[in-house]
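Each chain, written out:
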Number of protein chains: 2
Amino acid sequence: MRKHVRKLKDELVKRGLDAFLAIQNTRYLAGTTAAKAVIVPTDGPPVLICSRLEFDQAKREGWIRDVRAFSRWRAPLRPGERVSFCEPLQLIADCLRELGTRAVGYDRGGKKFVRKLRAAHAASYRELPELMLELRKIKSKEEVTLLQRAAKIAMNGMRCAAESVTVGRTELEVAAEAEREMRIAGSEGTPFPTIVASGRNSWLPHASATRKHLRRGELVVIDFGATWGGYASDMTRTFALSPTKKQLTLIGLVKRAQKAAIGRVRNGAKASNVDKAARIIISRVGYAKFSPHGTGHGVGMEVHEPPGLAPDSKDILRERMVITVEPGIYVPRVGGARWEDMVLVTKKGCKSLTA
Amino acid sequence: MRKHVRKLKDELVKRGLDAFLAIQNTRYLAGTTAAKAVIVPTDGPPVLICSRLEFDQAKREGWIRDVRAFSRWRAPLRPGERVSFCEPLQLIADCLRELGTRAVGYDRGGKKFVRKLRAAHAASYRELPELMLELRKIKSKEEVTLLQRAAKIAMNGMRCAAESVTVGRTELEVAAEAEREMRIAGSEGTPFPTIVASGRNSWLPHASATRKHLRRGELVVIDFGATWGGYASDMTRTFALSPTKKQLTLIGLVKRAQKAAIGRVRNGAKASNVDKAARIIISRVGYAKFSPHGTGHGVGMEVHEPPGLAPDSKDILRERMVITVEPGIYVPRVGGARWEDMVLVTKKGCKSLTA
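Residues numbered from 1 in each chain as written. Chains lettered and ligands numbered in written order. Predicted model: local features only at pLDDT ≥ 70, side-chain atom pairs only at ≥ 80, totals over all residues. Heavy atoms only, no water.

**Student:** When you look at the sheet that holds strand S8 (residues 195–198) of chain A in this model, what are you seeing that I'm missing?
**Tutor:** Strand pairing in a sheet takes place through backbone hydrogen bonds and is either antiparallel or parallel in direction. Residues and elements named next belong to chain A. Pairing in this open sheet of 3 strands is antiparallel, and the strands run S8-S9-S12 from one edge to the other. The sheet terminates laterally at S8 and strand S12 (235–241), the two strands that pair on one side only. Strand-to-strand twist across the sheet, computed as the mean angle between neighbouring axes with direction ignored, equals 15°. Note that S8 and strand S9 (residues 218–224) share 4 bridges and pair antiparallel. From the neighbouring strand, Ala197 faces S9, where its bridge partner is Val221. Strand contacts of helix H8 (residues 171–184): S8 and S9, with the helix running at about 155° to S8, the strand carrying the most contacts. (Pairing = 2+ DSSP bridges. Helix = DSSP H or I, 4+ residues; strand = E, 2+ residues; numbered from the N terminus. Axes fitted to C-alpha atoms, helices over the stretch in contact; angles between N-to-C directions. Contact = heavy atoms within 4.5 Å.)

**Student:** What is the right way to read helix H1 (residues 2–14) of chain A from this model?
**Tutor:** All names here are of chain A. For H1, with 13 residues, the first-to-last C-alpha span of 19 Å sits near the 18 Å given by 1.5 Å per residue. Buried residues along H1 sit against strand S1 (19–22), helix H2 (26–30), strand S2 (37–41), helix H6 (129–137), helix H7 (141–164) and strand S11 (231–232). One or two steps after H1, the chain reaches Gly16, where phi turns positive at roughly 70°. (Expected span 1.5 Å × (residues − 1).)

**Student:** Hey, could you run me through the side chain of Arg338 of chain B in this one?
**Tutor:** All names here are of chain B. Residue placement: Arg338 occurs in strand S17 (residues 335–338). For Arg338, a relative accessible area of 2% gives the class buried. A polar contact of 2.7 Å, which involves the side chain of Arg338, links it to the side chain of Tyr330. (Buried < 20%, exposed > 50% of the residue type's maximum accessible area, 1.4 Å probe, protein only. Polar contact = N/O pair within 3.5 Å; in protein donor to acceptor, adjacent residues only side chain to side chain.)

**Student:** Mind showing me how you'd approach the pattern of salt bridges here?
**Tutor:** Where charged atoms of side chains with opposite charge meet at close range, the side chains can pair. One pass over the full model with this rule turns up 56 salt bridges over all chains. Salt-bridge contacts for Glu130 of chain A lead to Arg15 of chain A; the nearest nitrogen and oxygen are separated by 3.8 Å. On the criterion of sequence distance, the pair formed by Glu130 of chain A in helix H6 and Arg15 of chain A in the loop between H1 and S1 is long-range, its members being 115 residues apart. A salt bridge links Asp223 of chain B to Arg338 of chain B; its shortest N-O distance comes to 2.8 Å. Within this pair, whereas Asp223 of chain B is found in strand S9 (residues 218–224), its partner Arg338 of chain B is found in strand S17, the two being separated by 115 residues in sequence. Each of the salt bridges in this network shares a partner with another, and the network as a whole consists of Glu11, Lys14, Arg15 and Glu130 of chain A together with Lys112 of chain B. (Salt bridge = Lys/Arg side-chain N within 4 Å of Asp/Glu carboxyl O.)

Structure (structure tokens):
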């Protein structure tokens, strides 16, 4: 996390800013979920702003030493406790003033928030949502380790799900068993609602898990992830219960499309070309119209982050990006199939984290 | 959901707006997770904007008939499929233009988003984040039913957690068992990271669940919820493993404080007075300094929504609000205790949804 702050400072200097106010990327910078905001000045150490009730947690989990707490109301304090009795916005403004900031970048905030902030501390404020996303694209060694662990937990969860996929069970039961397995292994939670989509649900790419029972003749798309140290994983497998030939063809197709796409992943590759490699395989059999989503996305603290692997992507893949490769085909009244792995981009290719 | 749109339209008329653009409150208005945006004009039916890949889901889950899909890139379409090949912002702007809107409210959007939107369709745009929150405070009969179901699932989860609280198990194992139980019962997921906080974690109000083993002489704070039909529940119990007298006192205190607070809940009551009733009990024994958070909050589609029950709250409780009452005390090196139930505010008092 220290490294992230260093990288951010370099960017601030380049852009002529003297501080960054993170409202959204707090865990990435501070290493704790307890921060409401993190202020990173170009010079000097960062400041963590938190609610009084999360002060101890911020101190225990995070690495930032300058932790400042607010309480919206006056209240008796514990011996040694230091708290500002004000709105969080006021404490942020006070810190920005104390640091002498005049040009501040920020990652998220509505019009009203920024207007109030400006009234409390006069400075120029620049909305820079893409700055942090840009930094987060390339993963450090430590981040790769965390992502690897999250991926490993998901793999074990998928093994458990595979054992549960039998005729008569509900989608929810399959999800429950996989999630339990991952939780006991240390997952902080699923980074998105677990998908167990069978039969008519399987051709909805973003179905979740319902009380529907699995039946013979259905495809079952299972897509989920775990979270480890704040980092997400994401993988998909498609199972078949006494499938028709056509259904099996779909699974074969997405696997082949995935293989073709993974073959294109390497440092310097255009993300759109990786997408194209998968899309060509699918198009050849006339199924392009059944493949409405991109072939993958970056994964990190959020399960969907840049780069995007899609026809319109401008991204170039770089070493130490972590991405998913997940072609999908959804044919109404036949079934859906998707096959997804997480890979680490390397100099000459990539390394799967989920296989 | 139709009712929500009707209520919103009344508010728009009052404020002289001719449409509302929901980016955040889409499920509340549309009844599906598939909407990227919902446009509600004062006159005429609402429009749902979604990604092409979520079109079928929006149609199947939602009630809005005018569903419009975008795809960021040109692609072959299924027979009968209608898609705009553009950015979602462009499709939103096109709809706003088609509807002839000149004064548009919206619930969330950064400076850049609104600037681009204005460039694509010239109108006056007003950020009104509190408008929807205000509407969401009072629950319809249907919403109360969903909240009741979510609460019931959480109660069963808590029973399961209670059985798991034994010396030697990990916090994560306890969380896993409760979550599995809720999932099988139909929960869409936990509305916030499940808290199983034992020993030194128990005095962090927002701890999560770790690999720490439960030990003799510890308090264990368990706080979680389920989600049903998009609606959250939230409840907390504190367990004790061969506790000291002082630890038992903490549990007794939060229960008494909760009882006092619940006694004040009724239509017309000041939220700050409900908070005060709990705070007085805690203050009498000199523990006010160990009680850093408010006594409760509204629950609905989000687990934390208005009203707030805290010393600085300006909210007045109204019939058919659903709130939590959850005093907490956190004494370093002794333990934390919190007792939380969800109640429905009624004319003369309230009805517990979790007891």
